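Letter by letter, the chains look like this.
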Amino acid sequence: MKARARIVAGPGGPYSATVLRSDLPIVLRPADDAIHLAQGAAGPLGGDDLELSIEVPDGCSLRLRAVASTLVLPSATGGVARIVMRATVGNGASLELLLEPVVVADHAAVELVTDISLAADARLVWREEIVLGRHGETGGSASTRIDVVRGEIPLLRTGSELCGGDPVTHGSSVLGPGRAMGSLLRIGHGDDLRPPDRDAATMSLAGGGSLFVAVAPSAIGLRRRLDAHLAQAPVDLPTR
């Protein structure tokens, strides 16, 4: 399955859009607090290729949420599912992209690609969460990549390779005994140099902003950790 969906933010606040184009299984719905992303079909399955394009014009703001986790499942023919997010945020614009976890079931594989282009004074809050397996599962494999450019200058290039049951993934330098990893990227909201707690790290970016990375035994534990970190440095997203 191949799908291409698109959002263009409007001037009416973080929940408005001038373009809202769904493409199954990617379903986009406006709500009173945000634009919500839903799954119109099971999966993605191995071999699926899904892409969401996000545009936030100058002076606009957009808040994007998901109604549920994304469950990556294996297909009969095998293959790797690919999920791509591309975002462009203009001058004086803001994007808050806080989606739900990507859960990788046993024998499934997924490639997550995030490509973000920011104007020099744009603001961003972005969260990514990966969970290896459902309850009682070891979990499949996940490859992540995020590239961020700010004012046409590369700001961040990072990624990870995770595989359920792999001794490197579950070694002390990656997940340890846990099975969930998440990142919280904040740009344009001030640097965040507070020392993290155990099993977490905070990195100040040379071009401004910070990246917080944490691991946890479960999806619930990971979300609590990311929420606590965000609550200590709240984000003010314009309502107009």
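Data block above holds the structure.
What you see is a predicted model, and the numbers here were worked out from it, not measured in a lab.

## Structural notes on the pairing of strand E15 (residues 180-187)
Taken across its eight residues, E15 has eight buried, putting it largely inside the fold. Burial of E15 is two-sided: the residues Ala 180, Gly 182, Leu 184 and Arg 186 facing one way and the residues Met 181, Ser 183, Leu 185 and Ile 187 facing the other way are all buried. Two strands pair when backbone bridges link them, and strand E12 (residues 123-132) and E15 are joined in this way by eight bridges, in the antiparallel orientation. Looking across to E15, one finds that Val 131 is bridged to Ala 180.

## Brief notes about the side chain of Glu 128
Of note, Glu 128 is situated in strand E12. It turns out Glu 128 is buried and unbridged, and the closest side chain with the opposite charge, Arg 127, is 10 Å from it. Residues within four places of Glu 128 in sequence aside, it is in contact with Leu 112, Thr 114, Thr 144, Met 181, Gly 182 and Ser 183.

## Topic: the pairing of strand E4 (residues 35-39)
With respect to burial, E4 is a largely interior element, four of its five residues being buried. As paired elements, strand E3 (residues 26-30) and E4 share five bridges and run antiparallel to each other. What sits directly across from Val 27, in E4, is Ala 38. Joining the antiparallel neighbours E3 and E4 is a turn of four residues.

## So, the side chain of Arg 150
As for its position among the elements, Arg 150 is in strand E13 (residues 141-150). Residue Arg 150 is classed as buried on the basis of its relative accessible area, which comes to 17%. Among the polar contacts made by the side chain of Arg 150, one reaches the main-chain carbonyl oxygen of Ala 120 at a distance of 3.2 Å. Filtering out sequence-adjacent residues up to four positions away, Arg 150 remains in contact with Leu 118, Ala 119, Ala 120, Ala 122, Leu 155, Ile 187, Gly 188, Gly 207 and Gly 208.

## Some points on the environment of Cys 163
Its location among the elements puts Cys 163 in strand E14 (residues 153-163). Separated by 30 residues in the primary sequence, Cys 163 and Gly 133 have C-alpha atoms spaced 10.0 Å apart. Excluding residues that lie within four positions of it along the chain, Cys 163 makes contacts with Leu 132, Gly 140, Ser 141, Thr 169 and His 170.

## Examining the pattern of salt bridges
Tallied over the full model, the rule gives 16 salt bridges. For Glu 96, the salt bridge goes to Arg 65, with nearest N and O atoms at 2.4 Å. Pair noted here: Glu 96 is in strand E9 (residues 94-98) and Arg 65 is in strand E6 (residues 61-66), with a separation of 31 residues, a long-range link. Exposure remark for Glu 96: the relative accessible area of 7% places this residue in the buried category. Across the pair Asp 115 and Arg 86 runs a salt bridge, and its minimum N-O distance is 3.3 Å. Of this pair, Asp 115 sits in strand E11 (residues 109-118) while Arg 86 sits in strand E8 (residues 81-89), and the two are 29 residues apart along the sequence. Taking the relative accessible area as the measure of exposure, Arg 86 reaches 32% and is therefore partly exposed. Shared partners join several salt bridges into a network, and the residues in it are Arg 4, Asp 49, Glu 51, Arg 86 and Asp 115.

## Section: the sheet that holds E14
The strands that make up a sheet pair up through hydrogen bonds in the backbone, lying either parallel or antiparallel. What the seven strands build is an open sheet, ordered E2-E1-E5-E8-E11-E13-E14; its pairing is mixed. Of all strands in the sheet, those with a lone pairing partner are strand E2 (17-21) and E14, marking the two edges. Across the sheet, the axes of successive neighbouring strands diverge by a mean angle of 10°, strand direction being ignored. When strand E5 (residues 49-56) meets E8, the two strands line up parallel, connected through eight bridges. Bridging across to E8, Glu 51 finds its partner in Val 84.

## Description of helix H1 (residues 219-232)
In a regular helix each residue adds 1.5 Å, so 14 residues correspond to 20 Å; H1 covers 20 Å between its end C-alpha atoms and thus fits that length. Where H1 is concerned, the buried positions are Leu 222, Arg 223, Leu 226, His 229 and Leu 230. The arc enclosing the buried residues of H1, seen along the axis, measures out at 130°, which places them on a common side. Every exposed residue of H1 that faces more than 90 degrees away from the buried side is listed here: Ile 220, Arg 224, Ala 231 and Gln 232. In this fold, the buried residues of H1 make contact with E9, E12, E15, strand E16 (200-204) and strand E17 (210-216).

Definitions and limits used
- Residues numbered from 1 in each chain as written.
- Predicted model: local features only at pLDDT ≥ 70, side-chain atom pairs only at ≥ 80, totals over all residues.
- Heavy atoms only, no water.
- Buried < 20%, exposed > 50% of the residue type's maximum accessible area, 1.4 Å probe, protein only.
- Helix = DSSP H or I, 4+ residues; strand = E, 2+ residues; numbered from the N terminus.
- Pairing = 2+ DSSP bridges.
- Lys, Arg positive; Asp, Glu negative; His and termini not counted.
- Salt bridge = Lys/Arg side-chain N within 4 Å of Asp/Glu carboxyl O.
- Contact = heavy atoms within 4.5 Å.
- Polar contact = N/O pair within 3.5 Å; in protein donor to acceptor, adjacent residues only side chain to side chain.
- Axes fitted to C-alpha atoms, helices over the stretch in contact; angles between N-to-C directions.
- Expected span 1.5 Å × (residues − 1).
- Arc of directions from axis to C-beta.

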